[in-house]
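If you want the building blocks of each chain, they are given just below.
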Amino acid sequence: MWAQVAEAFERNFTEDGEPGAAFAAYHRGELVVDLWGGTAGRHTIHLMFSGTKGLTAACVLLLVQRGQLTLDDPLSRYWPEFGAQGKEAVTVAEVLSHQARLPGVEAGYAELLDHDVMAAHLAAQAPDAHAGFVYHPISWGWLLDELVRRVDGRTVGRFFADEFAAPLELEVWIGLPAELHHRVATMVAPAGVLVDGPNPLWVPGAEKIWNSTEYRTAGLAAVGGYATARGMAKFYSALLDPDGVLTPKTVELGRRELRRSSEMRYGAGFELQNGDGRMGDDADAFGHAGAGGSRHGAWPGRETSFSYLMTEVRNAPDARPVNLLRALSRGSRATGR
């Protein structure tokens, strides 16, 4: 029943020009799809950009589960400096769901890889009165990494490594250890994909940043995660496990809708199904996509999780992950769930 996924994966190469990618899926806790090809080998590690947000969300939710913070609390309760410039009432839930009104950093990104500097910039910045519900591509990570540091003392990267990656034996990292850099795929962007704009990681020439040693080790909590497809699919499979690190009640809290627009629907850090196929066709889908095409998430009703990682970034609409998730959906329906 999973053979059609392999066929779709092959068609991405032969018909859609895929240069290198990996795709994996778990069903009922078992690895049922494990594919790689082109410039990606079985042990290749990929940068997943905003796929990292699902990992960081899980870290925050574990702190909630342990009673160390509450989603409805103001972020300034844990990080007093953040209350400057009228931000004292912004809640943790609002930050997680991209409602902090801090989508960019007015002071600039000269110290992009220095967490302390960037967090201080955001703490001192006034919220954008016109931003409302606007996706926070990078600033989201500095805000939540600082929250975890204030509450727990560890960085998000260290917290995830200790609390999720080690016990679950995941090939997933927020900030990649230097000894693993030789396994990382070189990310590439075709002409015209990267454009001038406010996001410093999506402008012409940004590949030099992505593929640098400094970026790989920095551990940016919004966009600095690295993984194998097996590792990410296993992570989301663990979120479906009733005996997992996060309890079903906590996962349900993370999946509870906090805000929606015509284009986005968010829980506590997780993207939710919004009908555009981004997370597949399961009504209860949750997870997080990454810039350029990667997809990571779970379908609770079908007891299925998935991860697609690639070496070439493309603009939306991107047929590659859509093809794979459609095929995976057919396979999961064939199981009777």
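See above for the structure.
Conventions we followed
- Residues numbered from 1 in each chain as written.
- Predicted model: local features only at pLDDT ≥ 70, side-chain atom pairs only at ≥ 80, totals over all residues.
- Heavy atoms only, no water.
- Pairing = 2+ DSSP bridges.
- Helix = DSSP H or I, 4+ residues; strand = E, 2+ residues; numbered from the N terminus.
- Salt bridge = Lys/Arg side-chain N within 4 Å of Asp/Glu carboxyl O.
- Buried < 20%, exposed > 50% of the residue type's maximum accessible area, 1.4 Å probe, protein only.
- Polar contact = N/O pair within 3.5 Å; in protein donor to acceptor, adjacent residues only side chain to side chain.
- Contact = heavy atoms within 4.5 Å.
- 1 Å grid on protein atoms, 1.4 Å probe; cavity = no way out; pocket = protein on both sides within 12 Å on 5 of 7 lines; lining within 4 Å.
- Points joined across faces, edges and corners; volume = space filled by probe spheres on them.
- Nonpolar A, V, L, I, M, F, W, Y, C, P; charged D, E, K, R; others polar.
- Axes fitted to C-alpha atoms, helices over the stretch in contact; angles between N-to-C directions.
- Parallel < 35°, antiparallel > 145°, perpendicular 65-115°, else oblique.

Moving on to the sheet that holds strand E4 (residues 172–174). Strand order across the open sheet formed by 3 strands is E3-E5-E4, with antiparallel pairing between neighbours. Unpaired on one side and paired on the other, strand E3 (46–47) and E4 mark the two borders of the sheet.

The subject of this paragraph is the pattern of salt bridges. For the structure shown, the criterion picks out 26 salt bridges. Across the pair Asp-152 and Arg-154 runs a salt bridge, and its minimum N-O distance is 2.6 Å. Between Arg-230 and Glu-171 there is a salt bridge; the shortest N-O distance is 3.1 Å. Residue Arg-230 is located in helix H9 (residues 229–239), and its partner Glu-171 is located in the loop between helix H6 (156–168) and E4; the two are separated by 59 residues in the primary sequence. For Arg-230, a relative accessible area of 11% puts it in the buried group. Judged by relative accessible area, Glu-171 falls into the partly exposed class, the value being 22%.

On to the side chain of Asp-73. On the secondary structure map, Asp-73 appears in the loop between helix H2 (52–65) and helix H3 (92–96). At 2.4 Å, the side chain of Asp-73 forms a polar contact with the side chain of Tyr-78. Excluding its chain neighbours within four sequence positions, the residues that come into contact with Asp-73 are Tyr-78, Val-90, Thr-91 and Val-92.

Of the voids in this model, the largest pocket is the one considered here, and its volume is about 1100 Å³. Surrounding the largest pocket, 44 residues form its lining, Tyr-135, Arg-278, Gly-290, Ala-291 and Gly-292 being those nearest its centre. Grouping the amino acids of the lining of the largest pocket by side-chain chemistry returns 21 nonpolar, 14 polar and 9 charged. Quantified by volume, the second largest pocket comes out at close to 260 Å³. Lining the second largest pocket are 21 residues, with Thr-155, Gly-157, Arg-158, Ile-174 and Gly-175 sitting closest to its centre. Those elements that place two or more of their residues in the lining of the second largest pocket are helix H5 (139–152), H6, E4 and helix H8 (213–218). Of the residues contributing to the lining of the second largest pocket, the split by class is 10 nonpolar, 7 polar and 4 charged.

Here the focus is unusual backbone geometry. The linkage connecting Ala-316 with the following residue, Pro-317, adopts the cis geometry, with an omega of 0°. The topology assignment puts Pro-317 in the loop between strand E11 (304–310) and helix H11 (319–333). Although it is not a glycine, Glu-169 adopts a positive phi angle of roughly 55°. Residue placement: Glu-169 occurs in the loop between H6 and E4. Its relative accessible area of 65% is what places Glu-169 among the exposed residues.

Bringing the pairing of strand E10 (residues 295–299) into the picture now. Of all the 5 residues making up E10, 5 are buried; the element is thus mostly covered by neighbouring parts of the structure. Alternating positions in E10 separate into two faces, Arg-295, Gly-297 and Trp-299 on one and His-296 and Ala-298 on the other, with burial throughout. For strand E9 (residues 286–287) and E10, the ladder comprises 2 bridges, and the chain directions are antiparallel. By the bridge assignment for E10, Gly-287 is matched with Gly-297. With 5 bridges connecting them, E10 and E11 associate as antiparallel partners.

Time to look at empty space enclosed by the protein. Under the criterion given, the structure shown has 1 cavity of 30 Å³ or more. Approximately 50 Å³ is the volume attributed to the largest cavity. Along the walls of the largest cavity sit Ala-22, Asp-34, Leu-35, Trp-36, Gly-41, Arg-42, Thr-44, Thr-228, Ala-229 and Arg-230, which together make up its complete lining. Within the residue set of the lining of the largest cavity, elements represented by two or more residues are strand E2 (30–38) and H9. Of all the elements, E2 adds the most residues to the lining of the largest cavity, at 3 residues. Among the residues making up the lining of the largest cavity, the classes are represented as 4 nonpolar, 3 polar and 3 charged.

Between helix H1 (residues 3–14) and H11, the least distance of the axes is 8 Å, while the angle of their chain directions is 170°. In terms of axis orientation, H1 runs roughly antiparallel to H11. Between H1 and H11, the residues in contact are Gln-4, Val-5, Ala-8, Phe-9 and Asn-12 and Arg-320, Asn-323, Leu-324, Ala-327, Leu-328, Arg-330 and Gly-331, respectively. Split by residue class, the contact of H1 with H11 holds 6 nonpolar, 4 polar and 2 charged.

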